[in-house]
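Architecture at a glance
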Amino acid sequence: MNHDAYDDNYIRSILNNVKSIAMVGASPVNVRPSYFAFKYLAQRGYDMIPVNPGHVGKALMGKPFVASLADIDRPIDMIDIFRNSSHIMPVVEEALKLSPLPKVIWMQLGARDDAAAEKAEAAGLKVVMNRCPKIEYGRLSSEISWMGVNSRTLSSKRAPIPTQGMRLSLNRTSFGGGQTAASDRAAKNKTETT
Amino acid sequence: MTDRLPGFSTLAVHAGAQPDPTTGARATPIYQTTSFVFNDADHAASLFGLQAFGNIYTRIGNPTNAVLEERVAALEGGTAALAVASGHAAQLVVLQQLLKPGDEIIAARKLYGGSINQFTHAFKAFGWNVAWADPDEVESFERAVTPHTKAIFIESIANPAGSITDIEAIAAVARKAGVPLIVDNTLASPYLIKPIDHGADIVVHSLTKFLGGHGNSLGGIIVDAGTFDWSKDNKYPMLSEPRPEYHGIRIQETFGNFAFAIACRVLGLRDLGPALSPFNAFMILTGIETLPLRMQKHCDNAKAVAEFLSTHPAVSAVNYAGLPGDRYNALQRKYAPKGAGAVFTFSLKGGYDAGVNLVSNLKLFSHLANVGDTRSLVIHPASTTHSQLDDAAKVKSGAAPEVVRLSIGIEDKEDLIADLDQALRA
Ligand SMILES: Cc1ncc(COP(=O)(O)O)c(C=O)c1O
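Each value, and the rule that gives it
- Residues numbered from 1 in each chain as written.
- Chains lettered and ligands numbered in written order.
- Predicted model: local features only at pLDDT ≥ 70, side-chain atom pairs only at ≥ 80, totals over all residues.
- Heavy atoms only, no water.
- Helix = DSSP H or I, 4+ residues; strand = E, 2+ residues; numbered from the N terminus.
- Rg over C-alpha atoms; globule rule 2.2 N^0.38 Å.
- Buried < 20%, exposed > 50% of the residue type's maximum accessible area, 1.4 Å probe, protein only.
- Contact = heavy atoms within 4.5 Å.
- Areas by Shrake-Rupley, 256 points an atom, 1.4 Å probe, with all protein chains shown as cover.
- Lys, Arg positive; Asp, Glu negative; His and termini not counted.
- Charge placed at Lys NZ, Arg CZ, Asp CG, Glu CD.
- Pairing = 2+ DSSP bridges.
- Axes fitted to C-alpha atoms, helices over the stretch in contact; angles between N-to-C directions.
- Polar contact = N/O pair within 3.5 Å; in protein donor to acceptor, adjacent residues only side chain to side chain.
- Nonpolar A, V, L, I, M, F, W, Y, C, P; charged D, E, K, R; others polar.
- Salt bridge = Lys/Arg side-chain N within 4 Å of Asp/Glu carboxyl O.
- Core = buried A, V, L, I, M, F, W, Y, C linked by side-chain atoms within 4.5 Å.
- Domains from an automatic or database assignment.

As recorded by an unreviewed UniProt entry, chain A carries the name CoA-binding protein and is attributed to Bradyrhizobium uaiense.

Structure representation (C-alpha cells):
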C-alpha cells in the first residue's frame with residue numbers, strides 16, 4: 001500500500017462504508033481541529049465516539065467522552081487518531097485487541113507512523129495516514145460550501161443541498177490521485193524531530 | 001467507477017460547475033447578493049469560527065466566484081484557489097500572507113510594468129523590500145537570497161517581450177532557500193504552461209487577460225499548489241501560528257494542503273477587501289470555457305504575424321519565442337510546446353517616432369493598455385505602461401524606445417498582417 005498518495009476510490013469506499021468512528025484525542029475546545037472534524041462528521045450522520053481520558057465526565061455534541069477504546073460499548077468501524085506521530089503505535093496496539101476488530105485506522109493530517117500502519121494492515125485493517133476525513137468528505141462530495149477547493153470530481157447532476165445528519169453522495173467521477181506532498185513532508189519532518 | 005483523468009478542455013468547461021442545487025440551472029448562476037442567511041445561531045457561529053465553510057458575505061466568498069476558483073484550481077493542478085478583484089489584488093493578498101515589514105522578495109526584473117511599480121512603490125511603503133534578479137541568469141536569484149527572503153516571484157511568459165522563464169531552474173533556487181516560488185502565469189494561461197508541474201508553489205493570474213479573454217472584466221486569482229510546508233522554522237507565522245482573529249486556530253494545522261488558499265481568503269481578502277464581483281466571475285467563467293480554442297488560435301496567429309514582421313524591411317528585430325532563431329526558442333519548446341503565447345514585441349528601424357506613427361496608422365489593431373483580448377491590440381510601452389521607469393530600467397524590462405508591443409487576437413491572420421503592412425508603409 002502506497003501511503004504517499006491515495007486513490008480517491010480507496011478513500012471513498014472507506015467513507016461510504018464506515019458508520020461508527022471513535023476519535024482518539026478528540027478535544028472539547030472549539031478551536032481545535034479535532035473538534036471541527038468531530039462536529040462535521042457527526043452532522044454528516046456518522047456515529048461519533050470521543051475518546052480522551054482527560055475529559056471523561058464531559059460530552060462532545062451530546063456524546064460522552066470515554067477514557068479508552070476498550071471502554072466503548074459497541075463495535076467501532078474506524079478509529080480516527082488525532083495524536084502526534086509519536087503517539088500512534090500504542091493506539092494501534094490497543095485497537096488490535098478489540099473484538100470485533102475495527103476496519104479502518106485513520107491518522108490525521110500531519111500524523112504518520114509507517115510501522116503502526118504495517119501492523120494494522122497485517123491484521124487486515126485499512127489504513128489512511130496524514131489526511132483529514134472532514135476534508136476528504138467535503139472534497140469527494142464536492143459539498144457546495146467547500147469554497148475554492150479543487151474537489152477533483154465532475155458531475156452533471158444537480159447538487160444536493162446538505163442538511164444536518166445527511167450523508168452526501170461521494171460517488172462522483174473523480175480525476176487525479178490524492179497528493180498532499182507538503183503535509184507528507186511536514187509529517188516526516190515532525191517524526192524525525194520528536 | 002474508475003478514476004479517469006479528463007482532458008484540459010473538459011475541465012475548462014466542467015470543473016467546479018454542477019447544476020444549481022435549487023433550480024437545476026445548468027449555466028452557473030450569478031449570485032448577485034452581498035450576503036447569505038444563516039440556518040441558525042449555531043450555523044452562524046461555526047461559519048465565523050471557520051469550523052464550517054459556507055457563504056457569509058460576498059467579500060469573503062460567493063458561490064459564483066467559488067465555481068471560478070475550483071475551475072482555475074483544476075486547470076492549474078492546484079489544491080484550491082481564491083478569486084479576487086484584479087491581478088494586482090492577487091499579488092497584494094499573496095504577499096500579505098508571506099511578508100512582514102523588513103522582509104524581502106526576489107522578483108524577476110522582467111515583469112509587467114505595473115507589477116514593477118507595485119513592488120517598487122506601494123509594497124516598499126509597507127516595508128516589503130524587493131531584490132531584482134535577471135530571469136536570464138539564474139545565479140542572480142541565488143545571489144539575491146538573504147535571511148530576510150520570503151518568496152521568489154517570476155512571470156512564466158514575461159510581459160511585454162514574451163520571454164520564457166526557466167521555471168524549474170528558479171524553483172530549485174527557491175527550494176534551496178526554503179521559500180515558495182510564486183509564478184504569474186497570466187500570459188501563458190494553464191493551456192500553455194502549468195507552473196505547478198515545474199515546481200511553483202503558488203500561481204497568480206490576472207484573469208483580465210487570456211482566461212477571461214474578451215477584454216470585458218477585471219479579475220485575479222491565487223492558486224495554492226499544496227506543495228509548501230508553511231510551518232517549517234516558523235518563517236510564515238500567518239500560517240503556522242495561532243490566529244488571534246480566529247480564537248487561536250493555526251491555519252496550516254487545520255487546513256492541510258490548501259492552507260495557503262484559506263489564509264488568503266480569511267486573513268487577506270476578508271481584511272484587505274479586494275473582492276471580485278460575481279458578475280465578473282460569470283463573464284470570466286464563460287471565457288474560460290473556450291480558453292483552449294482561443295489560446296491555440298492566439299498562438300497560431302501570433303506566430304504568423306511574427307514571421308511576417310521578421311522579414312519586413314521597416315523592422316529591425318522581432319522578439320517572439322516561437323521563432324526558430326529566438327533566444328528563448330529552446331525554453332519555449334520545453335515549457336510551452338503548443339505555442340509561445342500571443343504577446344510579443346518588435347523593434348522599428350525608425351525608433352521612437354516610427355513606433356508612434358505605426359500605432360496611429362493601424363486600422364484593425366486597437367491602441368490600448370491591455371493584452372489577452374479577442375481583438376488584436378498594440379501599444380508603445382516606453383510612452384505608456386513602462387513610462388514611469390527610467391531609460392535603463394526600460395531597456396532591462398524589454399521596453400526600449402523603439403519597441404512596440406502586440407497582443408494578437410483571434411481574427412483572421414491575413415487581415416492582421418495586411419493591417420500591419422499598410423501601417424508600416426504609410
Ligand atoms: C503579467 C501581468 N500580471 C499582472 C497584471 C495585473 O493585472 P490586473 O490589471 O488584472 O490587476 C497584468 C496586467 O496587465 C499582467 O499583464
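Next comes the rest of the account.
**So, the overall build of chain B**
A count of helical and extended segments in chain B gives 17 helices and 14 strands. Taking 426 residues into account, the globule formula puts the C-alpha radius of gyration at 22 Å, and chain B, at 22 Å, falls close to it. Expressed as lengths along the three principal axes of its C-alpha atoms, the size of chain B is roughly 70 × 55 × 40 Å. Burial statistics for chain B: of 426 residues in total, 61% are counted as buried. Considering only contacts in chain B between residues 6 or more positions apart, those separated by 24 or more positions represent 72%. If you sum the accessible surface of chain B, you get close to 15,300 Å²; carbon and sulfur atoms cover 55% of it. A gap of 2 Å separates the mean positions of the 35 positive and 42 negative side-chain charges of chain B.

**Notes on the overall build of chain A**
When you go through chain A residue by residue, the secondary structure sums to six helices and eleven strands. Looking at the 194 residues of chain A, the share that counts as buried comes to 57%. Within the structure as shown, chain A displays about 7,900 Å² of accessible surface, and the carbon and sulfur contribution to it stands at 53%.

**Focus: the sheet that holds strand S7 (residues 181–184) of chain B**
All names here are of chain B. With mixed pairing, the seven strands of this open sheet are ordered in space as S1-S9-S8-S7-S4-S2-S3. Either end of the sheet is taken by a strand with one partner, and the two such strands are strand S1 (80–84) and strand S3 (129–133). Mean inter-strand twist for the sheet, computed between neighbouring axes without regard to direction, equals 20°. Sitting on the sheet, helix H5 (residues 113–125) touches strand S2 (104–108), S3 and strand S4 (149–155), and the angle it makes with S3 is about 150°.

**Digging into the interface of chain B and chain A**
Think of interface size as the accessible area that goes away when the parts come together; that is how it is often given. If you look at the interface, chain B gives 53 residues, while chain A gives 47 residues. Taken together, chain B and chain A are joined by twelve residue pairs in polar contact (both at pLDDT 80 or more). Those elements that provide at least two residues to the side of chain B that touches chain A are helix H1 (8–14), helix H2 (41–48), helix H3 (63–76), S1 and helix H10 (251–255) of chain B. When residues in the side of chain B that touches chain A are grouped by element, the largest group, five residues, is from H3 of chain B. For the side of chain B that touches chain A, the class distribution of residues is 20 nonpolar, 22 polar and eleven charged.

**A few points about the side chain of Asp 77 of chain A**
Residue and element names in this part refer to chain A. Residue placement: Asp 77 occurs in the loop between strand S5 (63–64) and strand S6 (78–81). Taking relative accessible area as the criterion, Asp 77 reaches 11% and is therefore assigned buried. A polar atom in the side chain of Asp 77 sits 2.6 Å from the backbone nitrogen of Lys 19. Dropping the residues within four chain positions of it, Asp 77 is found in contact with Val 18, Lys 19, Ser 20, Pro 102, Lys 103 and Val 104.

**Digging into the pairing of S1 of chain B**
Residues and elements named next belong to chain B. Across the five residues that make up S1, a large majority, five, are buried. Examined bridge by bridge, S1 and strand S9 (residues 220–224) share five bridges and lie antiparallel to one another. Paired with Ala 83 across the two strands is Ile 221, which belongs to S9.

**Focus: the side chain of Arg 294 of chain B**
Residue and element names in this part refer to chain B. Along the chain, Arg 294 falls in helix H13 (residues 291–310). It turns out Arg 294 is buried and unbridged, and the closest side chain with the opposite charge, Asp 373, is 8.2 Å from it. From its side chain, Arg 294 meets the backbone oxygen of Phe 210 in a polar contact 2.9 Å long. The contact partners of Arg 294, leaving out residues within four places of it in the chain, are Phe 210, Leu 211, Gly 212, Gly 213, His 214, Gly 287, Ile 288, Thr 374 and Ile 410.

**Section: the nonpolar core**
The tendency in soluble globular proteins is for nonpolar side chains to be buried as a group. Counting residues in hydrophobic clusters, the biggest one holds 193 residues, and the most contacted among them are Leu 69 of chain A together with Leu 68, Leu 98, Leu 309 and Leu 406 of chain B. Here this core gets nine residues from one element, more than from any other, and that element is helix H11 (residues 259–272) of chain B. Shared between two domains, this core takes at least three residues from each, and those domains are domain 1 (20–287) and domain 2 (291–425) of chain B. When neighbours within four sequence positions are excluded, Leu 98 of chain B is seen to be in contact with Asp 103, Lys 150, Ala 151, Pro 180, Ile 182, Ile 202, Trp 230, Tyr 236 and Phe 260 of chain B.

**Quick look at the pattern of salt bridges**
Following the criterion strictly, the structure yields 28 salt bridges over all chains and no others. For Glu 93 of chain A, the salt bridge identified is with Lys 119 of chain A, shortest N-O distance 3.0 Å. With a gap of 26 residues between them, Glu 93 of chain A in helix H3 (residues 88–95) and Lys 119 of chain A in helix H4 (residues 114–122) connect regions that are remote in the sequence. Look at Lys 119 of chain A and you get partly exposed, because its relative accessible area is 38%. Close ionic contact of Asp 391 of chain B with Lys 394 of chain B constitutes a salt bridge, the shortest N to O distance being 3.7 Å. Taken together, the residues span about one helical turn, with Asp 391 of chain B and Lys 394 of chain B both in helix H16 (residues 391–396) at a distance of three residues. By sharing partners, the salt bridges in this structure join Asp 8, Glu 136, Arg 139 and Arg 152 of chain A into a single network.

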